[in-house]
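Remarks on the overall topology
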There are 4 protein chains.
Amino acid sequence: MSSLFNGGISVSLFGESHGKGIGVVLDNLPAGEPLDLDEIGVFMARRAPKKDGTSTMRSEKDIPDILSGFYEGKTTGTPLAAVIFNTDQHSQDYGNISHVARPAHADYTGYLRYNGANDPRGGGHFSGRITAPLVFAGAVCAQILKQRGITTGAHIRSIKGISDESFDPMNITAEQLETVKSRSFPVISDDAEQKMRGEILAAREAQDSVGGIVECAAVGFPAGVGSPMLDGLENVISRLVFAIPAVKGIEFGVGFGCADLFGSENNDEFALRNGKVVTLTNNHGGILGGISSGMPIIFRAAFKPTPSISRTQNSVDFKEMTEQQLLIKGRHDPCVVPRAVPCVESALNIALVSALAAEGKL
Amino acid sequence: MSSLFNGGISVSLFGESHGKGIGVVLDNLPAGEPLDLDEIGVFMARRAPKKDGTSTMRSEKDIPDILSGFYEGKTTGTPLAAVIFNTDQHSQDYGNISHVARPAHADYTGYLRYNGANDPRGGGHFSGRITAPLVFAGAVCAQILKQRGITTGAHIRSIKGISDESFDPMNITAEQLETVKSRSFPVISDDAEQKMRGEILAAREAQDSVGGIVECAAVGFPAGVGSPMLDGLENVISRLVFAIPAVKGIEFGVGFGCADLFGSENNDEFALRNGKVVTLTNNHGGILGGISSGMPIIFRAAFKPTPSISRTQNSVDFKEMTEQQLLIKGRHDPCVVPRAVPCVESALNIALVSALAAEGKL
Amino acid sequence: MSSLFNGGISVSLFGESHGKGIGVVLDNLPAGEPLDLDEIGVFMARRAPKKDGTSTMRSEKDIPDILSGFYEGKTTGTPLAAVIFNTDQHSQDYGNISHVARPAHADYTGYLRYNGANDPRGGGHFSGRITAPLVFAGAVCAQILKQRGITTGAHIRSIKGISDESFDPMNITAEQLETVKSRSFPVISDDAEQKMRGEILAAREAQDSVGGIVECAAVGFPAGVGSPMLDGLENVISRLVFAIPAVKGIEFGVGFGCADLFGSENNDEFALRNGKVVTLTNNHGGILGGISSGMPIIFRAAFKPTPSISRTQNSVDFKEMTEQQLLIKGRHDPCVVPRAVPCVESALNIALVSALAAEGKL
Amino acid sequence: MSSLFNGGISVSLFGESHGKGIGVVLDNLPAGEPLDLDEIGVFMARRAPKKDGTSTMRSEKDIPDILSGFYEGKTTGTPLAAVIFNTDQHSQDYGNISHVARPAHADYTGYLRYNGANDPRGGGHFSGRITAPLVFAGAVCAQILKQRGITTGAHIRSIKGISDESFDPMNITAEQLETVKSRSFPVISDDAEQKMRGEILAAREAQDSVGGIVECAAVGFPAGVGSPMLDGLENVISRLVFAIPAVKGIEFGVGFGCADLFGSENNDEFALRNGKVVTLTNNHGGILGGISSGMPIIFRAAFKPTPSISRTQNSVDFKEMTEQQLLIKGRHDPCVVPRAVPCVESALNIALVSALAAEGKL
């Protein structure tokens, strides 16, 4: 199904950018799980557009309305549904693009896939806006993980060649993850923030956009969770991360870098520390054979530059089958990466809760 | 489920490296599909160990026995089951490793996951050997795709810093894919072959191993297949590619490179060529919004160096909870990448057939 | 998942009787399917409480709000979500039952299943009220079927020993199905209606309740749809029919009666009529080997009497673990069967659309 | 998928009656579960043809070969695959039926479904023979249940109007279930056996066949397992029971009988016995709201008479589209019900293990 994740828990996403509402149904959550709605609000606010020029001015309040599955402050165990009603719709901004495909968007492919019946306004179901209910689901899962001593977090690893420090795959802590999450611009290094902000604003002024890389980690996740072959943590995390529009790559641990290493360099030797099995390096990113090793889980996802730019582009009216020049109006993020950070965390949170649920370990 | 892919078709893998047999059940294949068993044999032979020093000497005939779902040369539409009986088992080679975790293997994590009950011989179900039935499934799907004018193929993109030419994402042809597949060492450039072979043999002599990158493509795949969010081609392909042990990353189109591009560089403008919608560049790797664009599908997967090396390594006996030195005996590939090439193709083939089946387009 | 059907289409139900709202997400519906909302309203009204004394006085307007997946009068192909907001909540009526299990309800089993965290008000997610979104889904599917010349319908086959005529399994027509559906009390025979109404009102006066049997049929469904073993039409229909609270049995064709027949009586011989393969009898209920035969599909479902009766019953406070007498207050249907008729049709409609979708036949 | 059950555990069945082999892959079984292969053999022998005239003379040894997932006497937790090789194939017996549909068989519907490509020999994948791997799976699950104090069993409730005693839904014990299972003709009453045997042999002599009803129960199953709506025990059990060819109906507890009861009769009042919540009657069959109540689980399945009878029948050659007379040769069971008893138990066993696995309760 297009928008259904069906693992240890299920996540059924719905909605279109300019429709009545967007939302999600979470099934098989543990019962009796306390949820702090304010914290969920804080989590979701991290995805909301910023007023600092790095993202669209469109105001998305995005306060989810929980319709079911939540009673007296706790999950009931039956499906938890949440809806965000769309209030700030500017369909007219999109009036002129009609059937002229926006490059790097899904206008053309979506039209083919749904025989022209899909809602084209603002990207419809392909809109980045549908990550709002994904982030709601991720915020719920974050609390379920936290109750079990598991913390996840992400930061911007790079934007257009400017790098933040990396998470230390051996020593990353829950505190560091919480700290970076609490920043309005989620990077470790102040210097990186300044330069990245500059790059984003420059792109904006140039009527252009930039992409980047998000690095995400989990600490406190127990060893021995996951499965070989098709239901490993890498399989499930990657499936969920690619649900975020604009992701074009994912790598775990040392990732693509492992292709340039000798086995003797890449292999993480085992040792005992305080009576616990650890590895002396963490090139494997906390996952061996699809199963958690007890070391921090770490991965990176690559985001392409925002497709919507304010420059004239060559395109095609795929209904009329004529070549056309296209100038996209409306408000657009010059860089989605800062807002993508909680989306990536959410994908991880859902994957981890699902893996625990699948093994009866919640 | 650990070893079950359940999409438009289902693929249920089973087996352990040193058990009686390994195999696969394919459900929901189209009925009446002719299968050329010789071609399947040729496809599978590409995964078999080579006699040229680049892989283990272990002889794996790996001739699959089709037990059901195949009648008078065609698929029946009911489950197709195939078994490969293990004949060349050398359990004694693995006698000494028992509960000392081989670094970068799943010995320790698998032990935790299955409470010590999993078959440890030769990696058990975590063994790269379980890719044999995956490749059988991929070979079956290759023929289903070929009947519809779709060709897939892969090559070694790099090994330890030595690069082959890339596939041309705009102009790659079925002929080129067939050609590179037919080579005993699947690269485009003769020069790359020579250098890579040298690198592999050097690693072998140094009792070490090397990793690399496989690049894979499909041509002829129709536009408009796939789904947004969770069931896009990227989601499904990545889920299947991570089923191959040793994969640590995947990227589509320009992949991680997109993080360093401006939107104006990364966006693939549309145009009409011979009355058909095309893009003028193919940074998107043939997939937009999870849906095929009609351009060649192209992605790369990163493989870590073979974990089994013949050097003494530090480790832990996870049963006795003592630190141990480990020397792995037995025959091992100094580089799995050449043999991984048909595995990556297989993951793609399964994903594409599944996507077509899910939409009733087979 | 508790409330997720995941076949050729997916149906994700949510909501609690006295929560904010109940609803459903339908994924993988065909794109571009026209939906007549008025007709959906008529279909759903058949499930609404009647003012004629046969059902609860509780007013359930149950007008669903479609939030997504519907654009310009047609399905978009992306998830269709609909919500019914609960407005007529009388939680206080249920105040006194707290943890005293209502016999034949799921109060006790639900409490155990969800560790006491499930919403107990009015049965929570176990309430018959959650059939409203099921019926919405069924009404949507009815229209998809109708576009393809397929008609389904159901009637009350019996209530407390009083029988309506049976559908004629050989000659039932779309017109007859439409006619019986349009009746406020869905039976074929006027005489049966009068007697059944009498029986229901008598039960009500006796502070009791009665059960019954619903018979359901489909005509126009093409032959050759369905699958052997686990995904046959019988498997899928029964799975969906048992989603309706109060169902305790299902039988296809001659059903349990086949246990008393000789093979020579039960076997439906084949013949040609107007160049079409038919059977000369229809004991098989239109399904052979899980696959439609082209004959009318026909089955019956047994409904237990409404568990909520206004008599004092013996029970247990499962929290205090004490025996208690229980007197249930509030408004209750003396017989759910009339309102269950569209629920059974809905289960069939979803099953048939799902089977067609799974085989790419929509 | 046609032959895939994917719940808390997965069961992937494959094979055709006259193909090379039939089998099953079980995924997500608990790891470290001891399996007694002799006991599995005894369980499977109950399904094997009898030499007493009540079933076909065809000798089916049906000794399954476990290929994976089983190591040192225990499950490994990774997929358990078992194959039964077909050795006693008499394809020539079926030579004359070719494309003339056997009444009440799936020849015609299967031909349509698979476009004529399915294996027609002996019913192919539609054959009752595919219940052998289902029973293997059921025998494995029986042992997993037994380890947890759960016993299931079934008996012939009736054949052609002749009834055995019923299980006592309040007091049925593990001992009684074991006793009836150990009988070569699984009924409670000796008198019923004699009469039923007589009826079966009479049908055989009359070149006819008879159907019947199997009653199945579980004791010791914990309360609080299962889910409302679509994943209740009734939904899952019925989905699995309908996988057995020839089943045309299923009912739980008092079943269809509930349609003739008042609520005050049908409702099972609660009480405390030895500090445990029980019901004073068990009309609900141990399942309320899809969830186990702790009372014995009890249900019945109706089997149609064996379709293959030795009388001339009217039919159609669906390839030539001509009416034909058909005389079925070969060896056939005059009554499948005795051999169906362990099949029904197996469906229940799989459902119960799956439900426990889904909730992390194994």
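Overview of the structure. No experiment lies behind these values; they were computed from the predicted model shown.

About the criteria used
Residues numbered from 1 in each chain as written. Chains lettered and ligands numbered in written order. Predicted model: local features only at pLDDT ≥ 70, side-chain atom pairs only at ≥ 80, totals over all residues. Heavy atoms only, no water. Axes fitted to C-alpha atoms, helices over the stretch in contact; angles between N-to-C directions. Helix = DSSP H or I, 4+ residues; strand = E, 2+ residues; numbered from the N terminus. Parallel < 35°, antiparallel > 145°, perpendicular 65-115°, else oblique. Contact = heavy atoms within 4.5 Å. Nonpolar A, V, L, I, M, F, W, Y, C, P; charged D, E, K, R; others polar. Polar contact = N/O pair within 3.5 Å; in protein donor to acceptor, adjacent residues only side chain to side chain. Pairing = 2+ DSSP bridges. Least-squares fit on C-alpha atoms with pLDDT ≥ 70 in both.

For any two helices packed against each other, the geometry comes down to the angle between their axes and how far apart the axes lie. Relative orientation of the contacting elements helix α6 (residues 233–241) of chain C and helix α6 (residues 233–241) of chain D amounts to 170 degrees, with a least axis distance of 8 Å. Comparing their axes, α6(D) and α6(C) come out roughly antiparallel. On the side of α6(C), the interface is formed by C:N235, C:S238 and C:R239, while α6(D) contributes D:N235, D:S238 and D:R239. When its residues are assigned to classes, the contact of α6(C) with α6(D) shows no nonpolar, four polar and two charged.

All right, on to the side chain of D:T152 then. All names here are of chain D. Its location among the elements puts T152 in strand β8 (residues 151–159). Within polar-contact distance, the side chain of T152 engages the side chain of N349 at 2.6 Å. Residues contacting T152, with those up to four places away along its chain left out, are L145, L177, K181, A217, A218, E345, L348, N349 and L352.

Here we take up the sheet that holds strand β1 (residues 4–6) of chain A. All names here are of chain A. Taken in spatial order, the five strands of this open sheet run β1-β2-β3-β7-β4, and their pairing is antiparallel. Looking at strand neighbours, the two that pair on one side only are β1 and β4 (65–68), the edges of this open sheet. Along the sheet, successive strands turn relative to each other by an average axial angle of 15 degrees, direction set aside. The pairing of strand β2 (residues 10–14) with strand β3 (residues 21–27) spans five bridges and is antiparallel. Across the sheet, the residue bridging to S12 is V25, located in β3.

Residues and elements named next belong to chain B. Pairing is antiparallel across the open sheet formed by five strands, whose spatial order is β1-β2-β3-β7-β4. Pairing within the sheet leaves two strands with one partner each, and these edge strands are β1 (4–6) and β4 (65–68). Strand after strand, the sheet turns through a mean of 15 degrees between neighbouring axes, direction not considered.

A few words on the relation of the copies chain B and chain A. Overlaying chain B with chain A gives an RMSD of 0.0 Å, the required rotation being 180 degrees about an axis along which the chain moves by 0.0 Å. This pairing of chains is accounted for by a two-fold axis. A share of 100% of interface residues in chain B that are also interface residues in chain A marks the association as one of identical surfaces.

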